[in-house]
Amino acid sequence: MIKTTKGTPVHLVAKYCGMVYGHDRGELPQWRKVIAHTEKGCGGFAILSYESNELFIVLRGTDDFGDWWKHNLRVLPRSYGEVLVHRGFRDAGVAAVTDLFSQIDPSVRAVYRTVYCGHSLGGAAAVVASINEANPHGNYEIVTFGAPRALFPSARRLVQATAKQVLQFGHESDIVFRCPPSLIGYRHASDVSFINRAGDVIHGSSAAGRKLDALSGYWEDITNGEFDALSDHAIRVYEDALK
């Protein structure tokens, strides 16, 4: 089972990322509670885990058509500190995280490890927002599901050098995490762990193997009148595959 460095299973993190949309995922596990909420930027909430000493900053993915115009389609890079990032994801994540942190006692952040997480837009926004802690003393990590690319190479190197751990998951048939194209300079914060059609998590699978798996999924959907590239983007798919 894949876990955060403090021991939280990533399928539970995926559950949080579903809950932030308002999806019914039942009660939070014992010793965890929501301590802050925001509708600024992409929106999100903060969950404090007393059991694992983690503060989860959970950002919401695309929730309506307005998110495309405000965040997803603003693809020109902009600076965040000394590095280049996706403008729309920067604005979405920084606004949400700034508001969440304004509601949280600073002593909490001094004691608890911050885990930036999210699905889709929320994951990309969380990656960019985490850069506010990207220094040698940063006490943070990142977990995302189906998140688009958000960083230029300098920002990727900064995150990799300072984060305690970066876990990024992408379903091989999910088209969203393959955007924006790497040809225009964007990168993920780390190498993506791929989930194949059998539900297996594969670390470092070949590009050819990933494309073959995706193409087989697309063909199966065409014959069944479905479209795998979007259905496999759903957070529920990630949560189920990572249990």
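Structure shown above.
Residues numbered from 1 in each chain as written. Predicted model: local features only at pLDDT ≥ 70, side-chain atom pairs only at ≥ 80, totals over all residues. Heavy atoms only, no water.

Note that the residue after Cys179, namely Pro180, is joined by a cis bond; omega there is -20°. Mapped onto the elements, Pro180 comes out in the loop between β8 (166-171) and β9 (193-195). Unlike most non-glycine residues, Ser120 shows phi in positive territory, near 60°. Mapped onto the fold, Ser120 is located in the loop between β6 (113-119) and α5 (121-129). For Ser120, a relative accessible area of 7% puts it in the buried group. (Helix = DSSP H or I, 4+ residues; strand = E, 2+ residues; numbered from the N terminus. Buried < 20%, exposed > 50% of the residue type's maximum accessible area, 1.4 Å probe, protein only.)

Turning our attention to α5. Burial analysis of α5 places nine of its nine residues in the buried class, which makes it a mostly covered element. Taken together, the buried positions of α5 are Leu121, Gly122, Gly123, Ala124, Ala125, Ala126, Val127, Val128 and Ala129.

Attention now moves to the pairing of β6. Among the seven residues that make up β6, seven are buried, leaving the element largely enclosed by the rest of the structure. The alternating pattern of β6 places Arg113, Val115, Cys117 and His119 on one face and Thr114, Tyr116 and Gly118 on the opposite face, and all of these are buried. Pairing analysis gives six bridges linking strand β3 (residues 54-59) to β6, with the strands arranged parallel. Residue pairing for β6: Leu55 is matched across the bridge by Thr114. For β6 and strand β7 (residues 140-145), the ladder comprises six bridges, and the chain directions are parallel. (Pairing = 2+ DSSP bridges.)

Here we take up the packing of helix α3 (residues 87-102) against α5. Axis separation between α3 and α5 bottoms out at 8 Å; the angle between their running directions is 75°. The angle between α3 and α5 places the two elements in the roughly perpendicular class. On α5, the residues that touch Phe89, Arg90, Ala92, Gly93, Val94 and Val97 of α3 are Leu121, Ala124, Ala125, Val128 and Ala129. In terms of residue class, the contact of α3 with α5 is built from nine nonpolar, one polar and one charged. (Axes fitted to C-alpha atoms, helices over the stretch in contact; angles between N-to-C directions. Parallel < 35°, antiparallel > 145°, perpendicular 65-115°, else oblique. Contact = heavy atoms within 4.5 Å. Nonpolar A, V, L, I, M, F, W, Y, C, P; charged D, E, K, R; others polar.)

A few words now on the layout of surface pockets. Estimated volume of the second largest pocket: approximately 280 Å³. In terms of lining, the second largest pocket is formed by 17 residues, of which the most central are Trp68, Asn72, Pro148, Val176 and Cys179. Taken together, the residues that form the lining of the second largest pocket break down as eleven nonpolar, six polar and no charged. (1 Å grid on protein atoms, 1.4 Å probe; cavity = no way out; pocket = protein on both sides within 12 Å on 5 of 7 lines; lining within 4 Å. Points joined across faces, edges and corners; volume = space filled by probe spheres on them.)

On to a nonpolar patch on the surface, then. Together, Phe65, Trp68, Trp69 and Leu73 line one region of the surface with nonpolar side chains, adding up to about 510 Å² of accessible area. Mapping Phe65 onto the fold places it in helix α2 (residues 65-72). Look at Phe65 and you get exposed, because its relative accessible area is 58%. (Patch = residues over 30% accessible without salt bridge, like charges linked within 9 Å, V, L, I, M, F, W, Y side chains within 5 Å. Areas by Shrake-Rupley, 256 points an atom, 1.4 Å probe, with all protein chains shown as cover. Salt bridge = Lys/Arg side-chain N within 4 Å of Asp/Glu carboxyl O.)

This part is about the packing of aromatic side chains. Inspection of every chain in the model, using the stated rule, returns six aromatic pairs. Judged by centre distance (6.2 Å) and plane angle (80°), the rings of Tyr116 and Tyr140 are edge-to-face. On the criterion of sequence distance, the pair formed by Tyr116 in strand β6 and Tyr140 in strand β7 is long-range, its members being 24 residues apart. A residue is classified by how much of its surface remains accessible, and Tyr116, at 0% relative accessible area, is buried. The structure contains a cluster of three or more aromatic residues connected by ring pairs, namely Phe145, Phe169 and Tyr238. Its guanidinium or amino end placed over the ring of Phe101, Arg109 lies 3.6 Å from that ring's centre, counting from NZ or CZ. (Phe/Tyr/Trp six-rings, centres within 6.5 Å; stacked < 30°, edge-to-face > 60°. Lys NZ or Arg CZ within 6 Å of the ring centre and 35° of its normal.)

Turning next to the sheet that holds strand β10 (residues 201-203). Strands sit in the order β1-β2-β3-β6-β7-β8-β9-β10 across an open sheet of eight strands; the sheet is mixed. Edge strands, defined here as strands with exactly one partner in the open sheet, are β1 (32-38) and β10. Averaged over neighbouring strand pairs, the angle between their axes works out to 20° when direction is ignored. Sheet topology note: the strand β2 (residues 44-49)/β3 ladder contains six bridges and is antiparallel. In the sheet register, Gly44 faces β3, and the bridge partner there is Leu59. Taken strand by strand, α3 contacts β1, β2, β3 and β6, and its axis lies near 140° from that of β3.

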